[in-house]
2 protein chains.
Amino acid sequence: MSIAHYFNGYHDIRIPAGQPVLHQGDECLNYFLLTAGSVRLFTRSARGREVTLYHVRPDSICVLTTSCLLGGRRFPAEAVADTDLRVRMMPKARFDDLMETAPSFRDAVFQSLAQRMDSLIQTIEKLALEPIDVRIAKYLLSFDTALIQTTHQLVASEVGTAREVVSRHLKQLADKGMIQPERGAIRILDPDALAKLT
Amino acid sequence: MSIAHYFNGYHDIRIPAGQPVLHQGDECLNYFLLTAGSVRLFTRSARGREVTLYHVRPDSICVLTTSCLLGGRRFPAEAVADTDLRVRMMPKARFDDLMETAPSFRDAVFQSLAQRMDSLIQTIEKLALEPIDVRIAKYLLSFDTALIQTTHQLVASEVGTAREVVSRHLKQLADKGMIQPERGAIRILDPDALAKLT
DNA sequence: ATCCCTCGGTGACTTAGTTACAGACCGGCA
DNA sequence: TGCCGGTCTGTAACTAAGTCACCGAGGGAT
């Protein structure tokens with residue numbers, strides 16, 4: 001189901017962590033495949049608050065780019081490299097050709113669109129219906145490591161709230177001994193208790 | 001770009017207003033085309049609160065069904081008829097065949113996926129970043145009529161909040177003379193003032 | 001007329017978001 | 001080594017939104 005081999009012959013481009021990849025309103029002229037790293041897609045409000053829409057990870061294509069290419073629209077979000085990236089780019093003409101002629105390519109693109117649709121819907125449900133502490137707990141548990149390298153600001157963006165709110169909730173979790181706050185990181189002490197929150 | 005003609009030969013099925021069309025977890029075995037009416041797609045929380053994801057209107061296909069069919073997953077939301085419906089159903093096998101052999105059908109499906117993706121992203125932005133009164137005002141202005149047949153409960157579901165919150169905000173708008181609340185309806189008195197809120 | 005059900009209103013309280021700071025930590029550099 | 005500027009975190013005070021519990025108004029059915 002992977003479409004990586006369709007990108008054989010295209011060279012990796014390297015983008016360092018923290019670098020913007022695409023801006024809201026950009027035109028999409030290329031189709032991207034991420035071969036290493038992680039990209040965060042998010043939108044920003046006028047007052048500077050951010051919501052993360054999703055992350056693109058290796059071998060998963062960027063759905064927003066797809067939607068852009070297909071619909072001929074502008075890119076609807078900000079994209080920033082979470083980590084150092086390796087990216088391959090395919091020109092739109094080649095993308096269109098593959099969509100036309102390569103059923104397995106087309107299927108893979110459809111699959112990822114469908115999957116991303118689901119994930120966006122889940123995001124909407126969470127934002128509208130879940131209390132913040134549950135969202136934070138789930139997010140923390142979504143890592144498989146005990147020490148999570150992140151900041152309150154990033155967590156806030158992931159769960160769709162303000163940094164101060166995250167700080168408060170993390171403090172409460174720390175007071176109950178479930179986590180251990182560190183600078184630039186959060187250590188999970190009691191994942192079972194966290195899971196019970198959700 | 002319309003795909004209606006691919007549904008020639010399929011008969012209309014009628015569904016009365018208020019009737020559920022699909023439930024969360026249902027299997028999708030058919031592809032739908034709405035020829036008349038409007039369907040509301042939403043999810044419900046454990047405590048009974050609802051968020052509307054989007055509406056399907058005539059000649060626009062149901063994207064969630066698409067995503068269901070393509071991904072072989074269960075239907076991720078509740079679907080209820082807003083109004084009396086006329087619907088045509090196409091079996092999955094025929095859908096798959098058209099996707100394979102009819103480029104214009106395929107393009108239309110892609111287009112609607114891409115478009116819906118955009119609208120879901122906008123919904124996320126609104127939920128996370130816009131204050132309630134702005135969301136309500138925008139929603140009211142999205143009708144082109146002055147008299148909107150709706151309930152506070154429905155408005156709440158559209159803007160992703162609780163009924164009581166809507167009632168309170170509507171009262172404030174009424175106190176300022178922008179709207180006139182009626183039972184089962186809202187009359188817009190001063191659209192310009194409403195627009196200034198947004 | 002009465003019953004029932006939906007719809008809307010409201011008070012009291014909890015949770016979340018904003019504003020406006022201050023202090024802690026860290027790396028670079030004099 | 002100590003200072004400086006940046007990022008990251010803590011927190012108080014306030015506003016906005018969400019929840020809970022309840023009541024009353026309207027309108028259709030019998």
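Asks: Just to check I follow, could you spell out the environment of Ile 15 of chain A for this structure?
Replies: Residues and elements named next belong to chain A. Residue placement: Ile 15 occurs in strand β1 (residues 13–15). Linking Ile 15 and Val 80, residues 65 residues apart in sequence, is a C-alpha distance of 9.8 Å. Setting aside its immediate chain neighbours within four residues, Ile 15 contacts Val 21, Ala 81, Leu 85 and Val 87.

Asks: Before we go on, may I ask you to explain the interface of chain B and chain A in this structure?
Replies: Accessible area lost upon the coming together of the parts is a frequently used measure of interface size. Contact with chain B, which involves 30 residues of that partner, is made by 30 residues of chain A. Of all elements in the fold, only β5 (50–56), α1 (63–71) and α3 (103–129) of chain B reach the threshold of two or more residues within the side of chain B that touches chain A. The element contributing the most residues to the side of chain B that touches chain A is α3 of chain B, with 16 residues. When the residues that make up the side of chain B that touches chain A are grouped by side-chain class, the tally is 17 nonpolar, eight polar and five charged.

Asks: What's the story with the protein's contact with DNA strand D in this structure? I'm lost.
Replies: By nearness alone, 22 residues border DNA strand D, and Thr 151 and His 152 of chain A together with Pro 131, Ile 132 and Thr 161 of chain B come closest of all. Elements with a minimum of two residues in the surface near DNA strand D: α5 (152–159) and α6 (163–175) of chain A together with α4 (132–141) and α6 (163–175) of chain B. Residue contributions to the surface near DNA strand D peak at six residues, all from α6 of chain A. For the surface near DNA strand D, the per-class residue count stands at six nonpolar, six polar and ten charged.

Asks: I'm lost on the protein's contact with DNA strand C in this one. Help?
Replies: The local shell around DNA strand C holds 21 residues, among which Pro 131, Ile 132 and Thr 161 of chain A together with Thr 151 and His 152 of chain B are the closest. When residues of the surface near DNA strand C are traced back to their parent elements, those giving at least two are α4 (132–141) and α6 of chain A together with α5 (152–159) and α6 of chain B. Take the surface near DNA strand C: its biggest share by element is five residues, from α6 of chain B. Taken together, the residues that form the surface near DNA strand C break down as six nonpolar, six polar and nine charged.

Asks: Help me understand the relation of the copies chain B and chain A in this model?
Replies: The transformation that overlays chain B on chain A combines an axial shift of 0.0 Å with a rotation of 180°, and the residual RMSD is 0.0 Å. Both copies of the chain, as the preceding transformation shows, are related through a two-fold rotation axis. Closest approach to the rotation axis among the C-alpha atoms of chain B is made by Ile 124 of chain B, whose C-alpha sits 2.9 Å away. Residue by residue, 100% of the interface of chain B is reproduced at the interface of chain A, so both copies engage with the same surface.

Asks: I'm lost on the sheet that holds strand β9 (residues 179–182) of chain B in this one. Help?
Replies: All names here are of chain B. If you walk across this open sheet you meet the three strands as β8-β10-β9, and the pairing is antiparallel. Each of the sheet's edge strands pairs with one partner strand only, and the pair in question is β8 (147–149) and β9. Each strand axis lies, on average, 20° off the axis of its neighbour in the sheet, ignoring direction. Note that β9 and strand β10 (residues 185–188) share four bridges and pair antiparallel. What sits directly across from Glu 182, in β10, is Ala 185.

Asks: Please clarify how the sheet that holds strand β7 (residues 85–91) of chain B should be interpreted in this entry.
Replies: Picture the strands of a sheet paired through backbone hydrogen bonds; they go either parallel or antiparallel. Residues and elements named next belong to chain B. Taken in spatial order, the three strands make up an open sheet running β1-β7-β3, and their pairing is antiparallel. Where the open sheet ends on each side, the last strands, each with one partner, are β1 (13–15) and β3 (30–36). For this sheet the average axis-to-axis angle between neighbouring strands, irrespective of direction, equals 35°. One ladder, built from three bridges, connects β1 with β7; its direction is antiparallel. What sits directly across from Ile 15, in β7, is Leu 85.

Cut-offs and rules
Residues numbered from 1 in each chain as written. Chains lettered and ligands numbered in written order. Predicted model: local features only at pLDDT ≥ 70, side-chain atom pairs only at ≥ 80, totals over all residues. Helix = DSSP H or I, 4+ residues; strand = E, 2+ residues; numbered from the N terminus. Contact = placed C-beta atoms within 7 Å. Nonpolar A, V, L, I, M, F, W, Y, C, P; charged D, E, K, R; others polar. Near = placed C-beta within 6 Å. Least-squares fit on C-alpha atoms with pLDDT ≥ 70 in both. Pairing = 2+ DSSP bridges. Axes fitted to C-alpha atoms, helices over the stretch in contact; angles between N-to-C directions.

Geometric values such as these leave the question of function open.
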